[in-house]
Amino acid sequence: MVRNHDEFDVVIKVVTMVGSFVTIETAEGGDGFIDQAKHPSWWSEEAPPPAEGDRLHVVVLNASRTPPRLSALEDDIEIGRRLRGDG
């Protein structure tokens with residue numbers, strides 16, 4: 001079960017025009033979605049675009065969505081850590 005602000009490693013399984021569907025790499029597993037604007041390549045020309053098989057570290061933005069909405073942006077990960085009291 002994922003909760004808001006949790007962090008996970010994920011693997012991209014499908015890339016679409018609006019974002020990427022991923023598999024969460026935990027014992028429970030599960031799926032997630034990274035909106036294109038929450039992938040580093042949206043903000044930096046130096047970051048490669050998402051591709052199937054890519055591994056990313058993410059934070060959960062909205063666990064109530066199906067699939068949960070995630071972000072691979074460092075700023076969002078840092079915010080999640082502060083909200084959890086880890087950073």
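All of these numbers come straight from a predicted model, not from anything done at the bench. (Residues numbered from 1 in each chain as written. Predicted model: local features only at pLDDT ≥ 70, side-chain atom pairs only at ≥ 80, totals over all residues. Heavy atoms only, no water.)

Engineer: Any chance you could explain helix 1 (residues 74–84) here in plain terms?
Structural biologist: Among all positions in helix 1, only Asp76, Ile77 and Gly80 are buried. When helix 1 is viewed along its axis, its buried side chains cluster within an angular range of 100 degrees and face the same direction. For helix 1, the exposed residues set more than 90 degrees away from the buried face come down to Asp75 and Arg82. Just downstream of helix 1 lies Gly85, where phi reads positive at about 85 degrees. (Buried < 20%, exposed > 50% of the residue type's maximum accessible area, 1.4 Å probe, protein only. Helix = DSSP H or I, 4+ residues; strand = E, 2+ residues; numbered from the N terminus. Arc of directions from axis to C-beta.)

Engineer: Help me understand the environment of Arg81, please; the structure alone is not making it clear to me.
Structural biologist: Looking at the element boundaries, Arg81 is found in helix 1. Remark: the alpha-carbon pair of Arg81 and Asp6, spanning 75 residues in sequence, is separated by 8.3 Å. At 3.0 Å, the side chain of Arg81 forms a polar contact with the side chain of Glu78. (Polar contact = N/O pair within 3.5 Å; in protein donor to acceptor, adjacent residues only side chain to side chain.)

Engineer: Before we go on, may I ask you to explain unusual backbone geometry in this structure?
Structural biologist: Glycine aside, a negative phi is what most residues show, and trans is what most peptide bonds show. Note the cis peptide between Thr66 and Pro67, where omega equals -5 degrees. By secondary structure assignment, the location of Pro67 is in the loop between strand 4 (55–62) and strand 5 (69–71). If you check the backbone angles, His5 has positive phi at about 80 degrees while not being a glycine. Structurally, the position occupied by His5 is in the segment before strand 1 (7–15). Classification of His5 by relative accessible area gives partly exposed; the value is 28%.

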